[in-house]
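Secondary and tertiary structure notes
So the chains spell out like this:
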Amino acid sequence: MKNDNMKQHLNITNSEMAVMRVIWSMGKANSADVEAQIAERQNWTVATIKTLLGRLVKKEMLAKVRGGRFYTYTANISEDEALKKMGEELLSETCKTRQPMILSNLIKSTSLTSEDVKQLKTLLDQKETVTEVECTCIKDFGVCIHMGHYAM
């Protein structure tokens, strides 16, 4: 998935994400490298790992190059780009009136250094606010179940 395709849905499973994390951590890897990192923890066979790598290549998340007996895999999308896209997708699928609750819960459940907290405070201080957040619930229901008013 190259940058020009970033508008597309990320569309990867939790298992595929585990494989991507290995590739991101190592920079590049072959199936044996991936197996060494996650097979025991995940209780996956070599065949399962190869299947996941193949799916990620098909989804253009990974590129593969033949080198001797093995293919070497590299990510077509950075971890930062993927995480940003995942966050955007989560928020886009949620009523805008509920998005602050998601952000609050993420902050509460995340281990943060004092520098992380400082950066978040700075970001919040610089954040432009709005007077009202428009409901984006499913229009067929007609009423925002979160705010008690009609959805537009």
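This text gives an overview of the structure that appears in the document. Quick caveat, the model's predicted, so the values are computed rather than measured.

Bringing a nonpolar patch on the surface into the picture now. The grouping of I107, L112, V117, L120 and L123 at the surface amounts to a nonpolar patch, some 380 Å² of accessible area in total. Of the residues forming the nonpolar patch, the biggest block, three residues, is contributed by helix α6 (residues 114–126). In this structure, L123 sits in helix α6.

The full count for this structure, using the stated rule, is zero aromatic pairs. The ring of Y71 carries K64 above its face, with NZ or CZ at 4.2 Å from the centroid.

Right, let's talk about the layout of surface pockets for a bit. By volume, the largest pocket amounts to about 1100 Å³. In terms of lining, the largest pocket is formed by 26 residues, of which the most central are L91, Q99, L103, L124 and K127. The set of elements that each furnish at least two residues to the lining of the largest pocket consists of α4 (79–92), α5 (99–108) and α6. Looking at the lining of the largest pocket, its residues break down into 14 nonpolar, five polar and seven charged. Contributing to the lining of the second largest pocket are A18, R21, V22, S25, Q37, I38, R41 and Q42. Here the lining of the second largest pocket is composed, by residue class, of three nonpolar, three polar and two charged.

Let us look at the pattern of salt bridges. Tallying each qualifying case throughout the model produces two salt bridges. Of the charged contacts in the structure, one is a salt bridge between K59 and E16, with a shortest N-O distance of 2.8 Å. Remark: E16 occurs in helix α1 (residues 14–26) and K59 occurs in the loop between α3 (46–58) and β2 (62–67); sequence separation between them is 43 residues. A relative accessible area of 28% means that K59 is categorised as partly exposed. Residue class for E16 comes out buried when judged on its relative accessible area of 1%. Measuring nitrogen to oxygen at the nearest pair gives 3.7 Å for the salt bridge that ties E88 to K84. Of the two residues, E88 and K84 are both situated in helix α4; the distance of four residues between them amounts to about one turn of the helix.

Closest axis-to-axis distance for the α1/helix α2 (residues 31–42) pair is 10 Å, and the angle between their directions is 140°. It follows that α1 is oblique to α2 by the angle criterion. Crossing angle aside, the handedness with which α1 passes α2 is right-handed. On α2, the residues that touch A18, V19, V22, I23 and M26 of α1 are D33, V34, Q37, I38 and Q42. Of the residues contributing to the contact of α1 with α2, the split by class is seven nonpolar, two polar and one charged.

A few words on the packing of α1 against α3. Geometry of a packed helix pair, given as the angle between the helix axes and the separation of the axes. At a closest axis distance of 10 Å, the pairing of α1 and α3 adopts a crossing angle of 85°. Of the possible angle classes, the one that applies to α1 and α3 is roughly perpendicular. The residues of α3 that touch α1, namely those facing S15, E16, V19, M20 and I23, are L52, L53, R55 and L56. Class assignment for the residues of the contact of α1 with α3 results in six nonpolar, one polar and two charged.

Calculation rules
- Residues numbered from 1 in each chain as written.
- Predicted model: local features only at pLDDT ≥ 70, side-chain atom pairs only at ≥ 80, totals over all residues.
- Heavy atoms only, no water.
- Patch = residues over 30% accessible without salt bridge, like charges linked within 9 Å, V, L, I, M, F, W, Y side chains within 5 Å.
- Areas by Shrake-Rupley, 256 points an atom, 1.4 Å probe, with all protein chains shown as cover.
- Salt bridge = Lys/Arg side-chain N within 4 Å of Asp/Glu carboxyl O.
- Helix = DSSP H or I, 4+ residues; strand = E, 2+ residues; numbered from the N terminus.
- Phe/Tyr/Trp six-rings, centres within 6.5 Å; stacked < 30°, edge-to-face > 60°.
- Lys NZ or Arg CZ within 6 Å of the ring centre and 35° of its normal.
- 1 Å grid on protein atoms, 1.4 Å probe; cavity = no way out; pocket = protein on both sides within 12 Å on 5 of 7 lines; lining within 4 Å.
- Points joined across faces, edges and corners; volume = space filled by probe spheres on them.
- Nonpolar A, V, L, I, M, F, W, Y, C, P; charged D, E, K, R; others polar.
- Buried < 20%, exposed > 50% of the residue type's maximum accessible area, 1.4 Å probe, protein only.
- Axes fitted to C-alpha atoms, helices over the stretch in contact; angles between N-to-C directions.
- Parallel < 35°, antiparallel > 145°, perpendicular 65-115°, else oblique.
- Left-handed = near helix turned anticlockwise from the far one by under 90°.
- Contact = heavy atoms within 4.5 Å.

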